[in-house]
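Observations on the model geometry
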Amino acid sequence: GAPTKKVQVDQVAYVPGLPKHATLVSDTTTAQTWSLKNSAGTTVATGQTTPKGVDTLSGDPVHLIDFSSYDTAGTGYTLTVGAESSFPFDISADAMKKLRYDSLAFFYHQRSGVEIQAQYVGATYARPAGHVNVAPNQGDNNVPCRSDLNCGYTLDVRGGWYDAGDHGKYVVNGGISAWQVLNTYERAKLIGDAAALGDGKLSIPEQANGVPDVLDEARWEVEFLLKMQAPDGMVHHKIHDANWTALPTLPHQDSQVRRLSATSTAATLNMAAVAAQAARIWKTIDPAFADKALAAAKKAYAAAKANPNKIADPNDGTGGGAYSDTTLTDEFYWAAAEMYTTTGETSYRADVTGSSLYKGQSLNDRGYDWGATGPLGDITLALVPNGLPAQDVAAIKAAFVATADKHLNQMASQGYPAPYREPDGTYVWGSNGLIANNASVLALAHDFTGAAKYREGVFQAMHYLLGRNPVSYSYVSGYGEQPVKNVHHRHWANQLDQTLPIAPPGALSGGPNSALQDPVATRLLQGCKPQKCFVDHIEAYSLNEVTVNWNSALAWIANWAAEKSGP
Ligand code: 9MR
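Here the structure is a predicted model, which is why all the values come from computation and not from measurement. (Residues numbered from 1 in each chain as written. Predicted model: local features only at pLDDT ≥ 70, side-chain atom pairs only at ≥ 80, totals over all residues. Heavy atoms only, no water.)

Counting through the fold element by element, S542 comes out in the loop between α13 (519-524) and α14 (548-563). A distance of 3.3 Å separates a polar side-chain atom of S542 from the backbone nitrogen of Q517. Each residue touching S542, except ones within four places of it in the same chain, is listed here: W429, G511, N513, L516, Q517, D518 and A521. (Helix = DSSP H or I, 4+ residues; strand = E, 2+ residues; numbered from the N terminus. Polar contact = N/O pair within 3.5 Å; in protein donor to acceptor, adjacent residues only side chain to side chain. Contact = heavy atoms within 4.5 Å.)

Attention now moves to the sheet that holds strand β16 (residues 258-260). Pairing in this open sheet of three strands is antiparallel, and the strands run β13-β15-β16 from one edge to the other. The open sheet terminates on both sides in strands that have one partner only, identified here as β13 (169-170) and β16. In this sheet, strand β15 (residues 238-241) lies alongside β13 in antiparallel orientation, the contact comprising two bridges. For K169, the partnering residue across the bridge sits in β15 and is I239. (Pairing = 2+ DSSP bridges.)

So, about the environment of Y153. You can see Y153 is positioned in the loop between β11 (143-144) and β12 (154-155). Its relative accessible area of 23% is what places Y153 among the partly exposed residues. Considering only alpha carbons, one finds Y153 and A230, 77 residues apart in sequence, at a separation of 8.8 Å. Residue contacts for Y153: discarding those within four places in its chain leaves V143, P144, C145, A230, P231 and H236. (Buried < 20%, exposed > 50% of the residue type's maximum accessible area, 1.4 Å probe, protein only.)

Turning our eyes to something else, we now look at the environment of L376. In this structure, L376 sits in helix α9 (residues 374-383). For the pair formed by L376 and E331, sequence separation is 45 residues and the distance between their alpha carbons is 9.3 Å. Look past the residues within four positions of L376 in its chain and what remains in contact with it is I176, W179, W334, E338 and Y368.

Trans is the prevailing form of peptide bonds, just as negative phi is the prevailing case for residues other than glycine. A cis amide bond links A135 to the next residue, P136, at an omega of 5°. Following L247, the chain continues to P248 via a peptide bond in cis, the omega torsion being -15°. Note on placement: P248 falls in the loop between β15 and β16. The backbone of H131 shows a phi angle near 60°, a positive value even though the residue is not glycine. Its location among the elements puts H131 in the loop between α2 (118-121) and β11. Phi is positive for N133, which is not a glycine, with a value near 70°. Here N133 lies in the loop between α2 and β11.

So, on to the site of the ligand. The full set of residues close to the ligand is D163, A164, D166, Y170, G321, Y323, W370, W429, E545, T547 and W550. Contact distances for the ligand include 2.9 Å between an oxygen atom and a side-chain N or O atom of W370. Between the ligand and the protein, one listed contact pairs an oxygen atom with a side-chain N or O atom of E545 at 2.8 Å. In the complex, the protein chains occlude 80% of the 450 Å² of accessible area that the ligand would expose alone. Placement of the ligand is best described as lying within the largest pocket. Of the residues contributing to the shell around the ligand, the split by class is six nonpolar, two polar and three charged. (Near = heavy atom within 4 Å. Areas by Shrake-Rupley, 256 points an atom, 1.4 Å probe, with all protein chains shown as cover. 1 Å grid on protein atoms, 1.4 Å probe; cavity = no way out; pocket = protein on both sides within 12 Å on 5 of 7 lines; lining within 4 Å. Sits in = over half its atoms within 2 Å of the grid points. Nonpolar A, V, L, I, M, F, W, Y, C, P; charged D, E, K, R; others polar.)

What follows deals with the packing of helix α11 (residues 431-449) against helix α12 (residues 452-465). Two quantities define a packed helix pair, namely the angle between the helix axes and the distance between the axes. At a minimum axis separation of 7 Å, α11 and α12 run at an interaxial angle of 160°. Taken together, the axis directions place α11 and α12 in an arrangement best described as roughly antiparallel. In this structure, α11 meets α12 at a crossing whose hand is left-handed. Where α11 approaches α12, its residues N432, I435, A436, A439, L442, A443, A445, H446 and T449 are matched on the opposing element by A452, Y454, R455, G457, V458, A461, Y464 and L465. (Axes fitted to C-alpha atoms, helices over the stretch in contact; angles between N-to-C directions. Parallel < 35°, antiparallel > 145°, perpendicular 65-115°, else oblique. Left-handed = near helix turned anticlockwise from the far one by under 90°.)

Our focus in this paragraph is the state of the cysteines. Note: disulfide means a covalent bond formed between the sulfur atoms of two cysteine side chains. One pass over the structure, following the stated rule, counts two disulfides. For C145, the disulfide goes to C151, at an S-S distance of 1.9 Å. On the sign convention where negative means left-handed, the S-S torsion of about 95° between C145 and C151 marks this disulfide as right-handed. Residue C145 is classed as buried on the basis of its relative accessible area, which comes to 7%. C528 shares a disulfide with C533; S-S distance 2.0 Å. Across the S-S bond linking C528 and C533, the dihedral sits near 105°, which makes this disulfide right-handed. Under the relative-accessibility criterion, C533 is labelled buried at 0%. Taking only the cysteines that form disulfides and numbering them from first to last, the protein chain has the pattern 1-2, 3-4. (Disulfide = S-S within 2.5 Å.)

Dropping the structure here:
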C-alpha cells in the first residue's frame, strides 16, 4: 500500500486566519514537541501536542497538534515530531480558489451524448460522444423499456451526465446532483459571491454565451431529466446497460443494450423538484426553458401524488445501480418545497407546511444523500425568499444550527474530525459525499448566524478530505502530495491501461466504507476501523468510485470555502 504518515495534515493548504490542526499518531501518553518547518527546512514555530488517547473511528492512538498561532502564507511547510514528518502543505487560499472550478469541471467530463473536446479538457481527456447511436453503441435516442414492462413507447434520452465510473444515468442521483450545482449558484446569487460563478469561469463549450457556466453545465442534466418523463407524467427511474461492462470501456465503446427501468415515485419527485428549481433560476435568463421546466414539474408532481408509492425495484441492479428507496416522505417534502418556492401556490404550500418534515425535522447528524433528500427542501426554504411565516423560516435555520452544533461536538473528540455519524458507528458507501454534505450544513449555519466556529468546522471537514485522515490520502484527485490516483472509472483507468489517464484534478473519491462491498475491499480490509476501510484501487468500486453526487457536494463546499477564504 501507499505510505501512511504518522503526522497527518491537509496535504493541500491551510487557510490564513483560520485554525490549523494536524494529528500525530503515537502511543506516547505524554505531550510531544512539534516543529513547523518552512520550505527551506527552517523551523518557524514549535509547540506541544495534546495526547487524546485511542480514536474510535480510526483505532489510532492520537495527539492533537495545534499550530494556529503561525499564520504566514507560504508553500512547502512540513510538521515534524521527532523523526516523523508530514507531507508538505501550503498556508494559502489559492488551492481552494482553484478547487471551486476543478470540482465543477468534473461534470463536463461526465457528459453523455456529446464529444468531449480537447480544446476544453486537453488531448488526454478528449473522447468521442457516447451513446449517440454510432456503432458499437446502441444509442440513447430511441430507448425501449425493459422487456418485462411493456410500456409501449420508446424515449429519446440522449444527454445528461454519466453517473459515475459506469455509464448509467439515474434520475434520483442525477437530480440531487443538478440541484446541488444549481443551489451552489442560487446561494451565491442570494447571499454570496455570484461574480465568481459568472460566464467564462469554466472550460466548457458554453463558456461565452452570456449565461453563467455553472448554469450551462447543470442545464445539460436538467434537459435529460425532463426527457425521462413518461407520457403519464411519471418519470423513469433510470436508463443503463443490460449488463455491466468491463473496465476500461469508454462511453463510445459500450455495445450493451440500453433499457429504461420502470417509472418510480422517487424519480418523479426528484425531477419535479429540480425542474421547479430550474424554472425560477431560468425565469429571466430563458423564459421558454423556464416554462417548459415548470410544466414538466407540475405534471410530475401531480403524477407522483396520484402514484405515491411506486418503489423502484431493489433487485434491478444488473448493468446499473438499483438506487431503490422505500421512504418517500422526504422526496415529497423536497418537491413540495421547490414547487411552492417557485410558484407560491397554496396547494404546494399546504403540502410543505403539512409535512411531518416541515421546519427541519429531517436534518440529523448522518446527513443527506440520494435516498435522504428532505434537507434539500429546507435549504431552499431557508435561502430563497418565500411566503412562509418568518418564525417557521427561523425554525428551519435553527435546525441547521442545532445539527451543526452536534457535528462540532462530535468533531471535538475525534482524531480526524469529520462531520458525519451513522447511528451504528460505521462508515457507508460514499462516506466522503456525506461528509461534504454535512460540511454544507456547517456552512449554512455560518451563513445564518455568522458564528466563526461553523466556518472553522467547514475547513476542518475540508482538511479531512484533503489528507488529515488515517490513511494519508487526499481523496480529491490532483490535490495534495498523495492524492487518489486509481478511482473506479471506465475512462480514467490508467491503472489497467497506461494509454488511459488518471482522474483529472478535482474528482472526489467515495471514501471509506466499513461494509466492504467489493472483492478488493473484502480481500484487503477485513476488520478495518471505519475511517481506515479504504484502498486506492480501481476495482474497489465500493470505496473509490467517483460520482456526480459526491462531486456536486464537493463543488458546493469548495465554492463556499473559496468565498470564505478571504482575498
Ligand atoms: O452511492 C450509492 C450507494 O449509496 C449505494 O450504497 C450503492 C449500492 O447500491 O450504490 C451507490 O451508487 C452507485 C450506483 O449504484 C451505480 N453507479 C455508481 C454509484 C457509486 O458507486
